[in-house]
Every structure is written in C-alpha cells, then in structure tokens.
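Residue-level structural notes
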Amino acid sequence: MPEKPRVRFAPSPTGELHVGNARTALFNWLFARHYGGTFILRIEDTDRERTSKKFEDAIIDDLTWLSIDWDEGPEKDGAFGPYHQFERLDIYRDYLHELIAKERVYPCYCTDEELEEERANLIAMRRMPRYMGKCRNLSAIRRKEFETKGRKPAYRFNVGKEIIEFKDLIRGNMSFDSESIGDFIIVRSNGIPAYNFAVVIDDYLMKVSHVIRGEDHLSNTALQMLLYQALEFTPPLFAHHSLILGKDRSKLSKRHGSVTVREFREKGFLPEAFLNYMSLLGSSFSGGKEVCPMEEIMQDFTLERAGKSGAIFDEHKLQWLNGIYIRNYDPGKLMELLKPFMIEAGYDYESLDKTWLSHIVEALRDNMTSLSDVGNYIDMFFDDRYELSHDARSLLAEDEAMEVLHLVRDILERSKGNFKDVYDGVIAAVRRETGLKGRKLFMPIRAAVTGKLTGPELDRIFAILGRESILKRVDTAIQNAEPRSGT
Ligand code: GLU
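**Some points on the overall build of the protein**
Along its length, the protein carries 20 helices and 11 strands. At 31 Å, the protein has a C-alpha radius of gyration far larger than the 23 Å of a compact globule built from 487 residues. With the C-alpha coordinates of the protein rotated into their principal frame, the extents come out at 105 × 50 × 40 Å. Out of the 487 residues in the protein, the part that is buried amounts to 50%. On the protein, roughly 23700 Å² of surface is accessible, and the fraction owed to carbon and sulfur atoms is 48%. If you average the places of the 69 positive and of the 78 negative side-chain charges in the protein, the two averages end up 3 Å apart.

Structure follows, in structure tokens:
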C-alpha cells in the first residue's frame, strides 16, 4: 500500500448516476479517506453524441448530495488536470503518435459496413466476433489509395499473441488469452480516443495508484494492460468489485425498479441511509452490523471485503434502514428535508406554524420509511384535508365501533377546558364502560380521528389536534360511517 493512494471515479456523463456507479464512487472515496489518500473525479466525456452537460451536472449534484467529495476534479482543479477528457485530446494525440512510431498501432480504413459484415460472417461460422486484422499489413500504396478516396483511418492496436496476466486485489490472479481480443481501436476515425486508450493515459498521468471499478471492466483491464506495456507505463493496482444484482440475480437494471440515485432522492431517501446501505451491500465488514455511521464504515473499510460476491439490491431493506435514519434524525434538519415533500403534497410550507409542524413531524417520523411518506400522513392533521378512507369506513361499520365513538364523544364533551391528559382518560373510560380492549378499542378511535387505519401514536395525535378538532371528526365519523350490515 503506497503511503497515500490516489484513486479516481471516472463517470461518463451519458445518463443519470446509476446506483452501481454510485457504489463504485463510494468504494473509491472510502478507500481514499480510509488511507488518507486523494480522490479524483474525472469526467469521461469523449462520447460526444451521448455526453451532455446536463448529466454531468446531475452526477456532480448527486455525488454532492451523498457527501462524496473529491480532492481533484471539476470545480476543484489540481495538479493533474484538465479533468475532462475532452479537454485532453492533445495529450492523447501525442501518445498515439508515439505508438504509431513504435509500430504498435496501424491505421484501419474499414467502414462500419465492412466491419459489420465481418462480424456477421464470424457469427455465422460460430466463431468469436472480433477484428481479424484486415488492415494490419496494408502496404503503403494501399493506405495511400484509401487516403486519396477520402477515407479517414481509425487506429488499431496490434494485439499479438500473449497471455495477459494481472493480479486483482479482490479477485486474485487474472489471466486472459490475447487471441480472444482482436486488434482494438484506440483512436476513432474522427480523432476521438476510445475509452481504453484515454483511460490508460489519464490513469498514468494522474498518478492513479489503484483502479477500483466494477467487474464488468475486467476484460477492459486486459486490453489496458497491453497499452500499459506498449507505452512503458507502470500499471496501477486493480480491484474489480462485484456488481449490484436484482432479486433474480441478473445485473440491476430498470426492469428491477429504481436504479438511479436521482430516483431514490426523489422518493425521499436520506443520503446517510443510502450511503450506509450501499457501503455494506454485499460486503462483510462492520461485524455484520447493518446500521453503521459513516465514520465507522470509513474506518473499517477494506477493499477485499467490499463486494467480492454479487450484491442483491433490496429496496425494502433500504427503506427499513431509511426509516431508522429518519427516526434518529435531527428534528430541525428533518423538517427542512421534508419541506419539498410537503410542498409536493400541496402545502404552503412557509405559512405553516413551525412549532406545531415540529410536533407533527415528531409524531410522524416513526411511521415514515421515506420522506415522501409525509404526503401519506400529514393530511390527518389538517381539518380541511381530513377524510374518512374506505378502510376507515369499513372498520367503523364493525360491531361496537359506534358504541366506542359515542362514548368518546360524551367524554370529550364533558372534558371541556381540561384537555391535558385527556387521551388516557378517554381510553380508560371507554375500556371501563365497554369492556373492550386492543384493536376493538383503539381502531374505531383511530379510524374516526385520523380517517385512516395506520399512522402515528394516538396520544400524540390527540395532543396535536386538540379537543375541538377531535370532536368534529368523531361527529363526522358517526354521521358518515357505513350502516352496520343487516341494519
Ligand atoms: N467511464 C467509464 C465508465 O463510466 C469508467 C470506467 C473506469 O473506471 O475505468 O464505465
């Protein structure tokens, strides 16, 4: 382990930040922070057709939301920039010329149609589709002919025959037979470098000590090793972590549900819960603990334990964890976080009495597994939003429900001027008079007072709503409840 490792996260801004990529970013960041190293953010924006500034901004915003901060990169600078690949084209060009001079690459004039035909033929012959080297040994005259016809060459790396070996810090010794690879393009005919070429040059020039990325890049690493050799660069160490899988054990994708950090943000997950879940997903550090603060995760983090086997993403588990974080969150901060969700639910947040609201949030937080849940429950605290749900009506149609409500009503009527502790008094009196307990006792009251069958503790609801409001609701429930069956 070098004294101070340098690692990087290198997203291509061609879409929103996928949870799998967020996990890669997180592992790199944890590794850097654990060893007091440097975390670099590099934007791999060479795919001009699919890249967009909008996605770059969204990725940066999501990383910031997760508190994954970088030491070098966009908005930060550093000694090894620029940190956008598209601003480094001159650098790649110089290394291309070096490889041309060393005769490790050659110009390829094949058109897309020709390449497609070759591919189709190989598949038809049940052979592995790869470039068979048509332009590898073109004579100078042939090359000239193509150039005169106006064909712009791509540049291919001449792979040769060898066994490519490297040690992966998570997976151990890896070996690839170059025969299966085929000469690959390092610079396209439009002069833009291919991913494998740009990444090797950047990782080398940015003095990246450890490349930590998903195992879907393993075969790229084999190609990259060839380029390290050809360029006479010392390669970094590699660690390929497992990927996130859906419940059916296939790679997590849209058809499994939400897959981008943005989607989870919008659903009301807390960054702390999300980080906690992503850090421990598929890994075995922290002694099997499931709720673990970031400082502890950072301290315990080791690459070997982080994601050797495929990690199954379970949104319900994430929700459960989110609920725990919500329950323990600083109430003032929680109110702030809930603001957009209340606005979304149609409330004029600014005009609400904040002390009263803080009591509501305090009462609600035990029931929430995501911030957006506020929208499901908050209505019950507003008389103009209160409504008897279908389930509440059915429950109020059960035997004895009306008896309970009438008693509640009478007790509340009598409790004029003394509402403090009234909840305990109401429950005790109804229990005494009816002999009912448990569900039979509490559910009619909950249904009538909140209009729902689930929600915060009733005593808290009583304290927040106050006597007038509860009386009005009990009256409404008595008037509106479905008639008992058979009557
Ligand atoms: N831009 C590449 C990607 O998003 C980076 C892969 C790597 O870490 O080398 O997949």
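**Observations concerning the site of the ligand**
Every residue near the ligand is listed here: Arg-8, Ala-10, Ser-12, Glu-44, Tyr-195, Val-199, Arg-213 and His-217. One of the side-chain N or O atoms of Arg-8 is found 2.7 Å from an oxygen atom in the ligand. Measuring from a nitrogen atom of the ligand, one finds a backbone N or O atom of Ala-10 at 2.8 Å.

**Describing the side chain of Thr-221**
Relative to the helices and strands, Thr-221 resides in helix α7 (residues 218-231). The contacts of Thr-221, once residues within four sequence positions are left out, are Phe-166, Arg-213, Phe-238 and His-240.

**Observations concerning the packing of helix α16 (residues 401-414) against helix α18 (residues 438-450)**
Taken N-terminus to C-terminus, the directions of α16 and α18 make an angle of 70°; their axes are 9 Å apart at the nearest point. Between α16 and α18, the angle falls in the class roughly perpendicular. Remark: the crossing between α16 and α18 carries right-handed chirality. Two secondary-structure elements touch here, α16 through Ala-401, Val-404, Leu-405 and Val-408 and α18 through Lys-440, Leu-441, Pro-444, Ile-445 and Ala-448.

**Quick notes on the packing of helix α1 (residues 19-34) against helix α9 (residues 271-280)**
As a packed pair, α1 and α9 sit with axes 10 Å apart at the nearest point and diverge in direction by 85°. Of the possible angle classes, the one that applies to α1 and α9 is roughly perpendicular. Note on element contacts: α9 touches α1 through Phe-274, Leu-275, Met-278 and Ser-279, opposite Val-19, Arg-23, Leu-26, Phe-27 and Leu-30. Across the contact of α1 with α9, the residue classes break down as seven nonpolar, one polar and one charged.

**Thoughts on the packing of aromatic side chains**
Applying the stated criterion across every chain, the model contains 17 aromatic pairs. Centre to centre, the rings of Phe-27 and Phe-301 are 5.8 Å apart; their planes meet at 40°, and the pair counts as tilted. With a gap of 274 residues between them, Phe-27 in helix α1 and Phe-301 in the loop between α10 (294-300) and β11 (311-312) connect regions that are remote in the sequence. As far as burial versus exposure is concerned, Phe-27 and Phe-301 are alike and both buried. Plain terms: the ring middles of Tyr-95 and Phe-233 are 5.5 Å apart, the flat faces sit at 80° to each other, and that makes the pair edge-to-face. With Tyr-95 in helix α3 (residues 89-101) and Phe-233 in the loop between α7 and β9 (237-241), this residue pair connects regions lying 138 residues apart in the sequence. Among the aromatic side chains, those forming a connected cluster through ring pairs are Trp-65, Phe-264, Phe-269, Phe-274, Tyr-277 and Phe-313. Here the guanidinium or amino end of Arg-156 rests over the ring plane of Tyr-131, the centre of that ring lying 3.5 Å away. We note Lys-354 situated over the ring of Tyr-349; from NZ or CZ to the ring centre the distance is 4.7 Å.

**Looking at unusual backbone geometry**
Most peptide bonds take the trans form, and the phi angle of most residues other than glycine is negative. For the bond running from Gly-81 to Pro-82, omega is -5°, close enough to zero to count as cis. Although it is not a glycine, Arg-126 adopts a positive phi angle of roughly 55°. You can see Arg-126 is positioned in the loop between α4 (112-124) and α5 (140-148). Taking the relative accessible area as the measure of exposure, Arg-126 reaches 79% and is therefore exposed.

**A few points about the pattern of salt bridges**
Applying the stated rule across the entire model yields 37 salt bridges. Between Asp-69 and Arg-33 there is a salt bridge, with its nearest N and O atoms 3.4 Å apart. Taken as a pair, Asp-69 in the loop between α2 (53-65) and α3 and Arg-33 in helix α1 lie far apart in primary sequence, 36 residues in all. You can call Asp-69 partly exposed: its relative accessible area is 37%. Of the residues examined, Arg-33 reaches a relative accessible area of 21% and is grouped as partly exposed.

**Points about α16**
Between the first and last C-alpha of α16 there are 20 Å, a value that for 14 residues agrees with the 20 Å anticipated at 1.5 Å per step. Among the residues of α16, those classed as buried are Ala-401, Met-402, Val-404, Leu-405, Leu-407, Val-408, Ile-411 and Leu-412. Close packing links the buried residues of α16 with α15 (390-396), α17 (422-434), α18 and α20 (467-480).

**Regarding the pairing of strand β1 (residues 6-9)**
The alternating pattern of β1 places Arg-6 and Arg-8 and Val-7 and Phe-9 on opposite faces, both of which are buried. In the sheet, β1 pairs with strand β2 (residues 38-41) via four bridges, with the strands oriented parallel. From the neighbouring strand, Val-7 faces β2, where its bridge partner is Phe-39.

**Let's talk about α2**
Counted at 1.5 Å a residue, the expected span for α2 with its 13 residues is 18 Å, and the 18 Å between its end C-alpha atoms agrees. By the burial criterion, the buried members of α2 are Phe-55, Glu-56, Ala-58, Ile-59, Ile-60, Asp-62, Leu-63 and Trp-65. Buried-residue contacts for α2 involve β1, α1, β2, α8 (261-267) and α9. In the stretch just after α2, Ser-67 is the one whose phi turns positive, near 60°.

Parameters and conventions
- Residues numbered from 1 in each chain as written.
- Predicted model: local features only at pLDDT ≥ 70, side-chain atom pairs only at ≥ 80, totals over all residues.
- Heavy atoms only, no water.
- Helix = DSSP H or I, 4+ residues; strand = E, 2+ residues; numbered from the N terminus.
- Rg over C-alpha atoms; globule rule 2.2 N^0.38 Å.
- Buried < 20%, exposed > 50% of the residue type's maximum accessible area, 1.4 Å probe, protein only.
- Areas by Shrake-Rupley, 256 points an atom, 1.4 Å probe, with all protein chains shown as cover.
- Lys, Arg positive; Asp, Glu negative; His and termini not counted.
- Charge placed at Lys NZ, Arg CZ, Asp CG, Glu CD.
- Near = heavy atom within 4 Å.
- Polar contact = N/O pair within 3.5 Å; in protein donor to acceptor, adjacent residues only side chain to side chain.
- Contact = heavy atoms within 4.5 Å.
- Axes fitted to C-alpha atoms, helices over the stretch in contact; angles between N-to-C directions.
- Parallel < 35°, antiparallel > 145°, perpendicular 65-115°, else oblique.
- Left-handed = near helix turned anticlockwise from the far one by under 90°.
- Nonpolar A, V, L, I, M, F, W, Y, C, P; charged D, E, K, R; others polar.
- Phe/Tyr/Trp six-rings, centres within 6.5 Å; stacked < 30°, edge-to-face > 60°.
- Lys NZ or Arg CZ within 6 Å of the ring centre and 35° of its normal.
- Salt bridge = Lys/Arg side-chain N within 4 Å of Asp/Glu carboxyl O.
- Expected span 1.5 Å × (residues − 1).
- Pairing = 2+ DSSP bridges.

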